[in-house]
Each structure stands twice: as structure tokens, then as C-alpha cells.
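Results of the structural survey
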Amino acid sequence: MSTASVSTRTAPPMKSGRLPVAGRAETRRAFAQLLLSEKGRVAGAIGLHLVAAVAAAVAPLLLGEIIDGLAAGGGVEGVDRLAVGIAVSCVAVVVFTWAGTYVAHRLGERLSARMREQFVDRCLRLPMPVVERAGSGDLMTRSSADVPEAGALFRDGVPQVTVSILKVLVFLGAMFWVSPLLGLCMLVAVPPIATGTRWYLKRARHGYLRERETESEIGDTIAASADGARTTEAYRLEDQRRRAGDDTVAASWGAVRYTLFLRTVFFPFLDGTYALPTAAVLLVGGAFYFDGAVSLGMVASCAVLTRQIMFPLDHILMWIERVQRGAAALARIEGVADAEGSEDGATAERPADGTVELRGVRYAYPTGGDVLHGVSLHVPAGERFAVVGPSGAGKSTLARLVSGADVPREGTVHIGGVDVAALPLDVRRGRVTLVTQEHHVFTATLRDNLVLAKDEAGDDELESALAAVGADWAFDLPEGLDTRLGGTARELDAASAQQIALARIILADPDVVILDEATAMLDPRAARDTERALGAVLEGRTVIAIAHRLHTAHDADRIAVVEQGVVAELGSHDELIARDGHYADLWRAWHGEPVSHELAQDGEPVSHELAQDAEPVGHELGEDAATAR
Ligand code: ATP
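So, a few notes on the structure that sits alongside this text. No experiment lies behind these values; they were computed from the predicted model shown.

**Topic: unusual backbone geometry**
Non-glycine residue Asp509 carries a positive phi angle of around 45°. Positionally, Asp509 belongs in the loop between helix H15 (494-508) and strand E9 (512-516). Given the relative accessible area of 37%, Asp509 is considered partly exposed.

**Focus on the layout of surface pockets**
Estimated volume of the second largest pocket: approximately 610 Å³. Residue assignment for the lining of the second largest pocket shows that the elements contributing at least two residues are helix H1 (24-36), helix H2 (39-71), helix H3 (76-125), helix H5 (136-178) and helix H10 (296-340). Here the lining of the second largest pocket gets nine residues from one element, more than from any other, and that element is H5. In terms of residue class, the lining of the second largest pocket is built from 18 nonpolar, five polar and three charged.

**Quick notes on empty space enclosed by the protein**
Tallying each qualifying case throughout the model produces three cavities of 30 Å³ or more. Reported here for the largest cavity is a volume of approximately 140 Å³. Classifying every residue of the lining of the largest cavity gives six nonpolar, three polar and four charged.

**Section: the pairing of strand E10 (residues 542-546)**
The buried fraction of E10 is high, at five of five residues. Across the two faces of E10 the burial is the same, with Thr542, Ile544 and Ile546 and Val543 and Ala545 all buried. Note: E9 against E10, five bridges, orientation parallel. From the neighbouring strand, Leu515 faces E10, where its bridge partner is Ala545.

**Remarks on the sheet that holds strand E4 (residues 410-415)**
With respect to topology, four strands assemble into an open sheet ordered E2-E1-E4-E5, the strand pairing being antiparallel. If you trace the sheet from one side to the other, it starts and ends with strand E2 (370-379) and strand E5 (418-419), each paired once. Looking at chain direction, E4 and E5 are connected through two bridges and run antiparallel. For His414, the partnering residue across the bridge sits in E5 and is Asp419.

**Quick word on the site of the ligand**
If you check the shell around the ligand, you find 13 residues, and the closest are Ser391, Gly392, Lys395, Ser396 and Thr397. In the environment of the ligand, an oxygen atom lies 3.0 Å from a nitrogen or oxygen atom belonging to the backbone of Gly394. With respect to the ligand, the side chain of Thr397 contributes an N or O atom lying 2.4 Å from an oxygen atom. Isolated, the ligand exposes 640 Å² of accessible area, and the fraction of that covered by the protein chains is 61%. When the residues that make up the shell around the ligand are grouped by side-chain class, the tally is four nonpolar, seven polar and two charged.

**Quick word on the state of the cysteines**
Scanning all chains against the criterion turns up zero disulfides. The closest cysteine sulfur to the non-disulfide-bonded Cys185 is located on Cys302, 8.0 Å from its own sulfur. Note on Cys185: relative accessible area 5%, which makes it buried.

Basis of the calculations
- Residues numbered from 1 in each chain as written.
- Predicted model: local features only at pLDDT ≥ 70, side-chain atom pairs only at ≥ 80, totals over all residues.
- Heavy atoms only, no water.
- Helix = DSSP H or I, 4+ residues; strand = E, 2+ residues; numbered from the N terminus.
- Buried < 20%, exposed > 50% of the residue type's maximum accessible area, 1.4 Å probe, protein only.
- 1 Å grid on protein atoms, 1.4 Å probe; cavity = no way out; pocket = protein on both sides within 12 Å on 5 of 7 lines; lining within 4 Å.
- Points joined across faces, edges and corners; volume = space filled by probe spheres on them.
- Nonpolar A, V, L, I, M, F, W, Y, C, P; charged D, E, K, R; others polar.
- Pairing = 2+ DSSP bridges.
- Near = heavy atom within 4 Å.
- Polar contact = N/O pair within 3.5 Å; in protein donor to acceptor, adjacent residues only side chain to side chain.
- Areas by Shrake-Rupley, 256 points an atom, 1.4 Å probe, with all protein chains shown as cover.
- Disulfide = S-S within 2.5 Å.

Right, here's the structure in full:
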């Protein structure tokens, strides 16, 4: 991530870090809001299908009239007239069903598109720690499986269920209009259908949510195995990874089997109940026909209507399963909004300047104890401040807290006098930037990759930002700023990607820049040149650099040595060297001289710790040292 694109909001607690799932009421509200956003089209689709349903109910009624007419000794003309009526109603059914389906599908596509846009928007606003805790599998399953499932709910489910409900109501109305007595025969199907549906619905939501959850777990396991392929190979963890994969697949299979069991009980049961109303109409109709309470035509009309009702009813009940799945998917999509939190408590105050003030900051990751133990720091606006210390001391954690990506468990982090975590996301993005060594180059042109930081930047501005970070290669690209980067287009090496991230900072021009190993991918000389060039461009900005190369610390106005979650030393390079403490040891180790203190937490000598990043003494460092003295 190249910039501090993180939310100001504190994420709600989540079980095992998973993204939350919205409750029923919240899902219903989201569903209703989406429908209301397309009121006109919803009304149009309902209107057209209503006309189609009424037209479909006309045919059985006219059929009854024909039978009664013939039974009463009527002539052929009457039959012809009614037959024409049936033909007209059939044409009307086709025309209005076509028009209604067209409108409904357009409506469904629009709703589905709106939901997707909302989801992407929310994902982009998710706080960084929330995404890290949730794992990429959960978010990937929500976007690749839940979004299409919920999309199908809007595209197909909503129109089909609505149309089917309309048809059931119209056909029922027609039955009661013909004969309330025969209409009541439909009631025989109600108790078994209601009982079966209740049984199914009670179990389906949980079942489908579990199914989705286990799919996410499979995604997580696969992603972890792919990411850690080298580690797996190095430590011979193949069996362990295979077992982890088998366990998640077994859990998923169990969840799928459960929903399969629900379907194999529910749907055959329903099929059995459909014959009941027709049988009841024929039995009751037969009994009352001899009493003269109903005519033959009425019985025939109602018998046909009971069959007609069964198609939409079957549709509704079949869709219950898809609607359940769609609703479960929608609940998971809506859950992302909960993870995003609320900006309700965001402060209206704005930072006065780039002063960074930490007071008594304590922080613990969910999996362990405190890694920062009451850190207090005052970094005046415009200062170049370096943080050094052994691996695992808490430097990156400090960087995240200053950027507002995380909030301290105790204590405060203020920027320009305002709690950084309480700033609205957009404001904070504009004022504080965190650059780590992980960068993403989007599959897009170089220009697109840069203007992410500043929409309105012109070519001159983009080019001077690239020049400032030493990205000379950018000027040799065949199509200049219009050259496509990333993916198969033009893969950039890590150092070039880092330069793009640094150029973005210059364009974003925030008050506070936090560089967490932001030049680690560059070679030592390029790193120092880039840092100096950045320093010149960012003159007046507060720059907090987590330094693994001591030249960064040497160039800074002040340095904090962080050890085991506390600030062990604080001062300028010269002051700390004169103090002859841990920084002086680091500095000597950097130059290959013997050290007098042990800095590393893990018991390893400092010189080993530094060896990861140290340039060979006598090369660049020799020059630096000469300059320093
Ligand atoms: P390095 O120089 O190696 O990056 P650091 O000084 O930046 O180290 P941090 O990354 O801030 O140290 O880590 C401080 C402590 O917090 C370490 O003990 C580390 O193991 C732990 N830690 C860091 N990130 C997490 C995390 N996401 N979950 C749990 N513990 C973490």
C-alpha cells in the first residue's frame, strides 16, 4: 500500500478477525433501500406483470363460461365469442409478460450494478487492520461469490418472486370471485406448505451462511499456501498444508451436505402437497354440484386455477432457497459496511499543522500483549525525525499509529492538535501519508498510477515528481506517461514500484509523511539520493522515517531509538553519538567497529541484526561517515 488510505474508524470486534455479517433487520433495510432507489421501474414492472396475471386468470374463467353455456344448451356463436376472448387473453399474457420481464430484468441489472458499486466503495474504505485481520480469503469470497449471488437475487430472484406472488394473488382472487366455497379449497394446502416452509427457513439461513463461511476458509487456506509456498518448501510443511486444506474442504463438504439435506426433504414434500387443492376442488365441487350450489363451469374454472396457481407457487418456494442464499450473500456484503464503521464520531476539527504528539501510547495486537509500553514523543511540524531500533522493537507499529491506521489501546496520537484516528477518512488521507515497502502498481498507465495521489496533476507536475525520486527509467518509456504498467503490460521491479509510491507522496503533498522502510528496495546509494531529494521536496513537511539504514538517521534532525516498545534514547545524531549509548553502538556496528551494548532483543549481537540491511562498510558508508564527521 503506498499511501495511508485507511479509515478513521475503529472496526467493531469480530470473531476471529472475520468481517462481520449484517443482521436480518439490517439486510432487509439494505434490500428495501435498493428497491426504493428504483421506485419507478419497480412500479412499472409490477404494473405490467399485474396486467399479465389478470389476463392469465381470464382464460379459465371464460372456459367455465363455455362449459356452463354448453350445459345450458347454448349455441356455437357463444362458444366462438368466448374462445376469441381466451385467444385475446393469451396474447395479452404473452405481450405483458414480455414487457414486464424486460422492465424487471433491466431493473434487476440496475440494482445488481448499484449493489456492486456500493460494495467496491465500501471495500476501498475498509480500515487496513480490518482487512489484515479478516484475511484476503474472506474478502475475496465476498466479492467473487457473494456479490454474484446477491446480484442474481436482484436480477432474477426479485422479479420472479414478485411476479409469482402477483400471479398467486390474482389466481386466488379469481377463484374466490368464481366461488368462495371452491376458493376455500386452496386452504388445504396451507398447513403442510406453511409447516414445511417454516422447517426449511428455520435452518436455511444458518446453513447457507455456514456454506459461504467455509468457502471463505478454503479461499484463505489456498491463499496462505500459495503465499507461503517457499516457506512450505523450505520447512517441508507440505503435509501440514495439505492437512489444513483437507480440513477446510471437509468442513465445506459438511456445510454443503447439510443444505443438500434441507433441499432433499423440502422440495419432494412440497410436490406432494400440490395435488391437494385440485383434489379438494373436485371433491367439494362434485358434492355441491348435485346440490346446485356450484355449476360445472365453476368447478372446471377453479380446478384449472388450482393447477395454474401451483406453477407460481412452486416458483416462489423454489426461489425461497435462492432467496435464502441471496439474502445470506447480501448479509455478508452488508457486513462490510459494519466493518467500515461509522464516521458519526469523526471530529470537525482540522490539524493546525504537521506537529505529531504521542502521549503514553500503549498498543497490543489482538494475538498478544503490549508491544508499545507508554511511548511519548513530540515531533514539531517540519522536523525530519528518524526512528531506529532492533527488529520487533515496535517501529512499524508506531508508524501505523501515527498514520491513524490503528488506534492505541491507551494514550493518544495527535496531529496538529487533533486525534488522528478521529479525523474523517478523506481529511486524514490528505494530511497524513504512510509509505511502506509494499507497493502496488495498478494495471494502468504510468499517469493513472500517479494521479491516484492528485487527480488534477498536469504532466509537468507528474514528471517533476518522478525526477525528484530518481525514477529516470520513466523518461525512457516508449509512450511516456501513457505507457501501460503492471500485469502483462510492463512488469516493474520492486525498486521502480517504490519510486512510483514515493512520487505519489510528492503529488499528495501531505503535512506528515511516514516512511516505513520506504526506500528498502532501492540500492543503498539510490536510497540515500532519493531520501535527500525527497527531503528537499518535502521541506517544511514533518517526515518520520523508520530507518533501517543509519544514513537516514544521520540525515534526520532528531532520532528516537526504540527498544522493546519504549523510547530508549532521543536526540540528534551528534547528541546520541556523544551520549555513547545504544545509538552510538548501532552507529559503530554500522561501521563494523566493536559495540559496547547489546541491543537486540533476541540475544543476537546488534551487528547481526543490522547485517540484513547494512551496506558493506567502507563503500558507501565510508563516504557517509566521512561526510558525517
Ligand atoms: P521490524 O524492524 O522487523 O519491522 P519493528 O520494530 O517494526 O520490526 P513491529 O513490526 O512494530 O516491529 O512489531 C513489534 C512487535 O509486534 C513484534 O513483536 C511483532 O512480532 C509484533 N507484531 C507486529 N505485527 C503484528 C501483527 N499483525 N500481529 C501480531 N503481532 C504483531
